Amino acid sequence: MKKTVTRLADGRELLYFDAHPGRVRDAVDRRSLEPVTSASEIRHDPLLGEDVAIASHRQGRIFHPPADTCPLCPSSEAWQSEIPADAYEVVVFENRFPSLSGANGRCEVVCFTSDHKASFADLGEERTAVVLAAWTDRTAELSARPGVEQVYCFENRGAEIGVTLAHPHGQIYAFPFTAPRTAAMLRNAAAHRARTGRNLFDDVLERERGAGRVVLAGEHWTAFVPYAARWPYEVHLYPHRRTATLTGLDAAARDEFPRVYLELLRRFDRLFGAGEPPTPYIAAWHQAPVAHPDREEFALHLELFTVRRASGKLKYLAGTESGMGAFMNDVSPESAADRLREVASS
């Protein structure tokens, strides 16, 4: 895998990731851009003990542009986009409208393919391996930046999720704080260790592998619907060898990941039958904070879920969920696991 680092016209960093080391990336951003001025602010909620990013400049970000002016497509003579090259494999660049910036973190965009009409599920295994390498590279580099406490790689797909650009892409956030869900997991892991002497994530994975909700199992990864799933169709993907972040995955897990992950995404697209629009989803990597004293107790894992609960029906967060954080799931995890096994590739 080859990484090429360059700059956009306004000074933002852009990185090309290519499968083959001989690929030359020398295209220049020919746009006339003013330097990005963004000022995010972190405010602390004393009642919940959580941090909130205030980023009012994002109100002016691009919203569902026509395909011929997509900022994530390759550049051409007719259109100069965020990516100067006329084609690319995987690209990462600093977000022009970041929620986090400067001393308050960093936001990056990850483009998985130059094909505007594709999706992650359309990628081959080689390209998926390049995406994994890009996620890993950015996790390592961003974790080393002053003030960064946690790196979060994720993909939102579908207008139902709130995506404002249709081009297949994800994002990476370098938080200046530990995300609330991660903090809760670490507290529970510490309590479990004190009570049992064992690792909580190891025990969860062992229980789930024997509980009948496994939807896909490889030699190095297992995907399952969790016992207390919050979303109608929710899958957690764990490597068998526990590691705190993507940087700790061994070669065997890296080699197997593309096949397992692509199969999961393709099953999600078959959940609701032929003729249905692509399944909206969020794919979220949970990684340990950079310097937390219990970071080695944490287990890297991916959560993949959709807000679609049935054909033509979405799960909207009810008052109990939005107001109190108390989730109510209309689909039993066992039924969801059955369905995800039914739609396996033949």
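Scroll up to find the structure.
Keep in mind that this is a model prediction, so the values were computed, not measured. Per-chain numbering applies: the sequence of each chain, read as written, is numbered from 1 onward. Where totals are concerned, whole chains, interfaces and linings use all residues; where local detail is concerned, this predicted model gives features only for residues with pLDDT of at least 70, and gives and counts side-chain atom pairs only at 80 or more. Excluding hydrogens and water, the side-chain values take into account all heavy atoms of the structure.

### Here we look at empty space enclosed by the protein
Stage number 1. The distinction between a cavity and a pocket rests on a 1 Å grid over the protein atoms alone: a 1.4 Å probe fits inside a cavity but cannot get out, while a pocket stays open yet meets protein on both sides within 12 Å along at least five of seven lines, and a residue with an atom within 4 Å of a point counts as lining. Grid points are joined across faces, edges and corners, and a volume is the space filled by probe spheres set on the points. Under the definition given, this model contains 3 cavities of 30 Å³ or more.
Stage number 2. Phe201, Asp202, Leu205, Tyr238, Pro239, His240, Arg241, Arg242, Thr243, Ala299 and Leu300 together form the lining of the largest cavity.
Stage number 3. Put simply, the parts of the chain that give the lining of the largest cavity at least two residues each are α3 (200-209) and β11 (233-239).
Stage number 4. Labels follow the DSSP assignment, with helices taken as runs of H or I lasting at least four residues and strands as runs of E lasting at least two, numbered in each case from the N terminus. Element by element, the count of residues in the lining of the largest cavity is highest for α3, at 3 residues.
Stage number 5. As a working rule, the residues Ala, Val, Leu, Ile, Met, Phe, Trp, Tyr, Cys and Pro are called nonpolar, Asp, Glu, Lys and Arg charged, and the rest polar, with Gly in that last group. Residue classes in the lining of the largest cavity are distributed as 6 nonpolar, 2 polar and 3 charged.
Stage number 6. Empty space within the second largest cavity amounts to approximately 40 Å³.
Stage number 7. Around the second largest cavity, the lining residues are Thr139, Ser143, Val151, Thr245, Gln287, Ala288, Val290 and Arg295.
Stage number 8. The residue inventory of the lining of the second largest cavity, partitioned by class, reads 3 nonpolar, 4 polar and 1 charged.

### Describing the nonpolar core
In a soluble, globular protein the nonpolar side chains are often hidden away together inside.
Stage number 1. What is meant by a nonpolar core is a set of buried Ala, Val, Leu, Ile, Met, Phe, Trp, Tyr and Cys residues, joined one to another through side-chain atoms within 4.5 Å. Only protein chains enter the area calculation, which uses a 1.4 Å probe; residues under 20% of their type maximum are buried, those over 50% are exposed, and those in between are partly exposed. One finds Phe120, Trp135, Val215, Leu237, Tyr261 and Trp285 to be the most contacted residues of the largest nonpolar core, which totals 52 residues.
Stage number 2. Sort the elements by how many residues they give to this core and helix α4 (residues 251-270) lands first, with 8 residues.
Stage number 3. By the convention used here, residues are in contact when the closest approach between their heavy atoms is within 4.5 Å. Once residues within four sequence positions are removed from consideration, tryptophan 285 is found in contact with Trp135, Tyr152, Cys153, Trp221, Leu246, Phe257, Leu300, His301 and Leu302.
Stage number 4. If you look at the next biggest cluster of nonpolar residues, it comprises 14 residues, including Cys73, Ile83, Tyr88 and Val109.

### Considerations on the packing of helix α2 (residues 180-196) against α3
Stage number 1. Helix axes use the C-alpha atoms of the stretch in contact, all axes being lines fitted to C-alpha atoms, and the angles between their N-to-C directions lie in the range 0 to 180 degrees. One can describe the packing of α2 onto α3 by two numbers: an axis separation of 8 Å at closest approach and a directional angle of 90°. Between α2 and α3, the angle falls in the class roughly perpendicular. Between α2, through Met185, Asn188, Ala189 and His192, and α3, the contact on the second element is made entirely by Leu200, Phe201 and Asp203.
Stage number 2. Considered class by class, the residues forming the contact of α2 with α3 number 4 nonpolar, 2 polar and 1 charged. By the definition adopted for this analysis, an angle is roughly parallel if under 35 degrees, roughly antiparallel if over 145, roughly perpendicular if from 65 to 115, and oblique otherwise.

### Structural notes on the sheet that holds strand β13 (residues 301-306)
Sheet strands pair via backbone hydrogen bonds, and the direction of the pair is either parallel or antiparallel.
Stage number 1. The 11 strands lie next to each other as β1-β2-β5-β6-β8-β7-β12-β13-β11-β10-β9, forming an open sheet whose pairing is antiparallel. Each edge of the sheet is formed by a strand with only one pairing partner; in this case those strands are β1 (2-7) and β9 (214-217). Averaged over all pairs of adjacent strands, the angle between strand axes in this sheet comes to 20°, irrespective of strand direction.
Stage number 2. Note: β9 against strand β10 (residues 221-224), 3 bridges, orientation antiparallel. In the sheet register, leucine 216 faces β10, and the bridge partner there is alanine 223.
Stage number 3. Those strands touched by helix α1 (residues 125-143) are β1, β2 (13-18), β5 (90-94), β6 (106-111), β7 (150-157), β8 (169-175) and β12 (281-286), and its axis lies near 140° from that of β2.
Stage number 4. Along the sheet, α4 contacts β7, β9, β10, β11, β12 and β13; its crossing angle with β11, the most-contacted strand, is approximately 175°. At least two bridges found by DSSP between two strands are what make those strands a pair.

### A short note on the layout of surface pockets
Stage number 1. What the second largest pocket holds in volume is close to 720 Å³.
Stage number 2. Taken together, 24 residues make up the lining of the second largest pocket; nearest its centre are Arg181, Met185, Arg230, His236 and Glu303.
Stage number 3. Within the residue set of the lining of the second largest pocket, elements represented by two or more residues are α2, α3, β11 and β13.
Stage number 4. No other element matches the 6 residues that α3 contributes to the lining of the second largest pocket.
Stage number 5. In terms of residue class, the lining of the second largest pocket is built from 12 nonpolar, 5 polar and 7 charged.

### Description of α2
Stage number 1. Here the expected length of a helix is defined as 1.5 Å per residue gap, with one fewer gap than residues. Between its first and last C-alpha atoms α2 spans 24 Å; for 17 residues at 1.5 Å apiece the expected length is 24 Å, and the two agree.
Stage number 2. Against β7, α3, β12 and β13 lie the buried residues of α2.

### Details of the pattern of salt bridges
In a structure, side chains of opposite charge can pair up when their charged atoms sit close to one another.
Stage number 1. Here a salt bridge means any side-chain nitrogen of Lys or Arg lying within 4 Å of a carboxyl oxygen belonging to Asp or Glu. This model, assessed by the stated rule, comprises 33 salt bridges.
Stage number 2. In this structure, the salt-bridge partner of glutamate 208 is arginine 213, at a minimum N-O distance of 3.0 Å. Each of the two residues, glutamate 208 as well as arginine 213, counts as buried.
Stage number 3. One salt-bridge network, held together by shared partners, links Lys3, Arg7, Glu13, Glu94, Arg106, Glu108, Asp137, Arg138 and Glu141.

### Things to note about the side chain of glutamate 263
Stage number 1. Residue position: glutamate 263 is located in helix α4.
Stage number 2. Given the relative accessible area of 13%, glutamate 263 is considered buried.
Stage number 3. Sequence-distant contacts of glutamate 263, that is, excluding residues within four places in its chain, are made with Leu216, Arg270, Ala344 and Ser345.

### Side note on the packing of aromatic side chains
Stage number 1. What counts as a ring pair is set by centres within 6.5 Å for rings of Phe, Tyr and Trp (its six-membered ring), and what kind of pair is set by the plane angle: stacked under 30 degrees, edge-to-face over 60, tilted for all other angles. Taken as a whole and assessed by the stated rule, the structure comprises 19 aromatic pairs.
Stage number 2. Residues tryptophan 135 and phenylalanine 257 carry aromatic rings whose centres are separated by 6.5 Å and whose planes lie at 70° to one another, so their mutual orientation is edge-to-face. Here phenylalanine 257 lies in helix α4 and tryptophan 135 lies in helix α1, a separation of 122 residues in the sequence.
Stage number 3. Owing to a relative accessible area of 4%, tryptophan 135 belongs among the buried residues under this scheme.
Stage number 4. You can call phenylalanine 257 buried: its relative accessible area is 0%.
Stage number 5. Their ring planes at 15° and their centres at 6.2 Å tell us that tyrosine 152 and phenylalanine 175 sit as a pair that is stacked. Here the residue tyrosine 152 occupies a position in strand β7, and phenylalanine 175 occupies one in strand β8, the gap between them amounting to 23 residues.
Stage number 6. When the ring centre of phenylalanine 327 is taken as origin, the NZ or CZ atom of arginine 230, which lies over that ring, is 5.8 Å away. Only when the NZ atom of a Lys or the CZ atom of an Arg is both within 6 Å of the ring centre and within 35 degrees of the ring normal do we say a charge sits over the ring.

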